[in-house]
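One-letter residues, chain by chain:
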Amino acid sequence: MTGVSHWCPATTWNSLASSDSLWRKLCLKKWRYSSSLCEPRNLTWKKFFLERTKQERQLESATAIDFNYQRITKPSGSFTNVAYLSGSGLTMSGEGKSVICAGADLSLYAFDVQQGSVIWSSPAQDSIIEKLATVPQLGLAITVDSSSKVKVWNCRDPDALATRVLPESCADCGIVAAFLTKDGPILLINDYRGNMMVFTLPELQLLCEFKVFPYTASLLLGSPDKKWIFICKNHPHLFPKIFSSECLMKTPRGSSPVYFSVPFASSIQAGWNPRRENRITVLYRAGSTGGKTAGFVTFDVTKEMAGGSTVILGRQIAHFLLPGNMKNPRWMGVSENDVVVFGSGNCLQLFSIYGNKLLHFDHTSYVSQLLVDSVRVIACVCGALHLYLWEEAGHAPYLKSCCVLRFQEKEFSTIFSSHLACDNVSMVCSFFETEGSVLVLFALKR
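Novice: Hey, could you run me through the overall build of the protein chain in this one?
Specialist: In terms of regular secondary structure, the protein chain is built from four helices and 32 strands. Residues classed as buried in the protein chain amount to 54% of the 446 residues present. Nonlocal contacts in the protein chain, meaning residues at least 24 apart in sequence, comprise 48% of its contacts between residues at least 6 apart.

Here it is in C-alpha cells:
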C-alpha cells in the first residue's frame, strides 16, 4: 500500500464550517470590525454574519411600504445632532435594536428607531445642549452645553459618568467627535479659536491640547479604523491636516502632534475608502474667487520613522477637476472601489477617482444632503430620502436605485436636512420647517 487515504467524517466538516474563528475572519473582512471591543457577546460570529447578511438582502429588496415611518416635531429650538447609540440594527451585543441620541434644549434623549419612542432621557441640565457625539460600540454619548460643560452618558442611568468644564480660553466649541481607536476611545473637541483638545473616554482626562488652525475647523473625519483623523477648514489659505490617532494619544502635553498637510486649500469635504483605510479623497475648490471649479484629489497616507522621529507622509495617487459647466458639489463620499459619488445640482454623479464619469441619477430638485458608506448611498432631495445600494463587487453600473422614502406630503425644494444618519436597517434625518424642528425615523419592518 503506497498511500493512505484520509477520510474526514461529515461531523468534522460541520465543525469546521461552524468554526467561530472562520466566521470571525469573514466578518472582519466584510464589515471591517477590527477592535477586540467589538466581540459579540450574545451571538456567535456565524450567527452574526448570517443575520447581518439577511438584513442587507432585506434592504436590497425593500420598498417604501417595508419601512415604519415615525415623525417627531419639536415646536421650539432644534434637535442637537442625530447620532446612533447602537447601530446596524443587529448590534454586536445581539440586541437587534437601533437606538439614536438627540439633544433637545436642556435634555438628552435616546429613541428606539423602530418604535419612534423615547426609551431614556437625562434630567434637565442647567444649560442648553449644543453638541453631541457617540461611541456606538460602547454605548456612550457625549454632550457639550452652552456653558462649555462636557458630560459622558451611558443613556441608562440618570447621572453622567463623567463631567468636565472646559477652560474659558477654550470656550465655544465648534466640532465635537468621538472615536474608538485601537488604543481606546477618545474625544476630540475643536473650539472656535482653533484649539484642539483630546480626552480619554469615559474619564475625560486631557491627553493633549494644540492649535490646528486660527479658526475652528469645518470638518473632522476619522478613517474607518480610526487610525487617521482628517481636519479641514474651508479657507483659501489653509491646508487640511491629517493626524495619526496614535500620535494624538501619545503626544506630550505642550507639544504639537505630527501631521501631513494636504496641499489643496479651500477643501470642504472628504471621504475615506472603506477598504483601503489609509486612502482619502478630498473635495476642494480651485480657481479664482469669481469662477471656482471643484476638484477631487486622492492620497494614500503612511506613518514612518525618520531619524528617530515619526513622520506622516501622503502620496498623491489621483487628481481631477470637474467640467466647468457642472455645478460645484457640497456633499461627497467614496466607495471601496474608488468611486466618488457626489451631488451636483439636481444630479447624483459617479466618477472614478481618476476623473472618468461612470453614471448619474437625475432628480427633480437639489441634492441637499448626502450620506455614503460601504453599503449604501442616501440622498436627501426635496422632502424625501433616496436610497441607493452599491453593486456587489463593484460591477457596473456600480450603484443601483432601491426606493424613495418621503417624509413630506408635498415636494419642498427648500427642505434641507441638517443631520442624516443610518445603520443597516434604519435611516434618520432632522430638518427645519415652519412648525419647528423635525426628526424623522425610517426602520425596516421586522
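What follows picks up the thread again.
Novice: Before we go on, may I ask you to explain helix α3 (residues 45-61) in this structure?
Specialist: Structural remark: α-helix, 3.6 residues per turn; residues separated by three or four positions point the same way. Across its 17 residues, α3 extends 25 Å between first and last C-alpha, which sits within 8% of the 24 Å expected from 1.5 Å per residue. Among the residues of α3, those classed as buried are Trp45, Phe48, Phe49, Arg52, Thr53, Gln55, Glu56 and Leu59. Down the axis of α3, the buried set is contained in an arc of 155°. They therefore lie on one face. Seen from the buried face of α3, the exposed residues on the opposite side, beyond 90 degrees, are Arg57 and Ser61.

Novice: Quick question: what am I supposed to make of the pairing of strand β6 (residues 129-135) here?
Specialist: With five of seven residues buried, β6 is to be regarded as a mostly interior element. Pairing of β6 with strand β7 (residues 140-145), which is carried by six bridges, proceeds in the antiparallel orientation. Counted as the bridge partner of Leu132 is Thr143 from β7. What sits between β6 and β7 in their antiparallel hairpin is a turn of four residues, with Gly139 showing a positive phi close to 65°.

Novice: Help me out: how do you make sense of the nonpolar core in this one?
Specialist: Grouped burial of nonpolar side chains is what soluble globular proteins tend to show. Core analysis: the largest hydrophobic core is formed by 24 residues, its most contacted members being Phe67, Ile378, Leu385, Leu387, Phe407 and Met427. Put simply, the parts of the chain that give this core at least two residues each are β27 (376-381), β28 (384-390), β29 (399-406), β30 (417-422), β31 (426-433) and β32 (436-444). Counting residues per element, this core draws most heavily on β32, at four residues. Judged by nonpolar contacts, the second largest core, of 20 residues, contains Val135, Leu166, Val176 and Ile189.

Novice: Please clarify how the environment of Glu168 should be interpreted in this entry.
Specialist: Residue position: Glu168 is located in the loop between β9 (162-165) and β10 (173-181). When the C-alpha positions of Glu168 and Ser147 are compared, they lie 9.6 Å apart, and in sequence the two are 21 residues distant.

Novice: Please clarify how the packing of aromatic side chains should be interpreted in this entry.
Specialist: Two descriptors summarise a pair of aromatic rings, namely the distance from one centre to the other and the angle between the planes of the rings. Considering all chains together, one arrives at 16 aromatic pairs under this definition. Relative to Phe320, the ring of Phe296 lies with its centre 5.2 Å away and its plane at 20°, an arrangement referred to as stacked. In this pair, Phe296 is assigned in strand β20 (residues 293-306) and Phe320 in strand β21 (residues 309-321), connecting sequence segments 24 residues apart. Here Phe296 and Phe320 have matching classes, each one buried. Looking at Arg330, its charged tip hangs above the ring of Trp331, at a distance of 4.7 Å from the centre.

Novice: Before we go on, may I ask you to explain the side chain of Lys151 in this structure?
Specialist: Secondary-structure assignment places Lys151 in strand β8 (residues 149-153). What Lys151 contacts, discounting residues up to four positions off in sequence, is Gln125, Ala141, Ile142, Thr143, Ala160, Ala162 and Thr163.

Novice: Mind showing me how you'd approach the sheet that holds strand β23 (residues 339-344) here?
Specialist: Note on sheets: strands pair through backbone hydrogen bonds, and any given pair is parallel or antiparallel. Pairing in this open sheet of four strands is antiparallel, and the strands run β22-β23-β24-β25 from one edge to the other. Since the sheet does not close on itself, it has two edges, and those belong to β22 (332-334) and β25 (357-362), each with one partner. Here the average twist between neighbouring strands, direction ignored, is 15°. In this sheet, β25 lies alongside strand β24 (residues 347-352) in antiparallel orientation, the contact comprising five bridges. Along β25, the bridge assignment pairs Leu348 with Phe361.

Thresholds, definitions, all that
Residues numbered from 1 in each chain as written. Predicted model: local features only at pLDDT ≥ 70, side-chain atom pairs only at ≥ 80, totals over all residues. Heavy atoms only, no water. Helix = DSSP H or I, 4+ residues; strand = E, 2+ residues; numbered from the N terminus. Buried < 20%, exposed > 50% of the residue type's maximum accessible area, 1.4 Å probe, protein only. Contact = heavy atoms within 4.5 Å. Expected span 1.5 Å × (residues − 1). Arc of directions from axis to C-beta. Pairing = 2+ DSSP bridges. Core = buried A, V, L, I, M, F, W, Y, C linked by side-chain atoms within 4.5 Å. Phe/Tyr/Trp six-rings, centres within 6.5 Å; stacked < 30°, edge-to-face > 60°. Lys NZ or Arg CZ within 6 Å of the ring centre and 35° of its normal. Axes fitted to C-alpha atoms, helices over the stretch in contact; angles between N-to-C directions.

Spatial relationships are all this shows, so hold off on functional conclusions.
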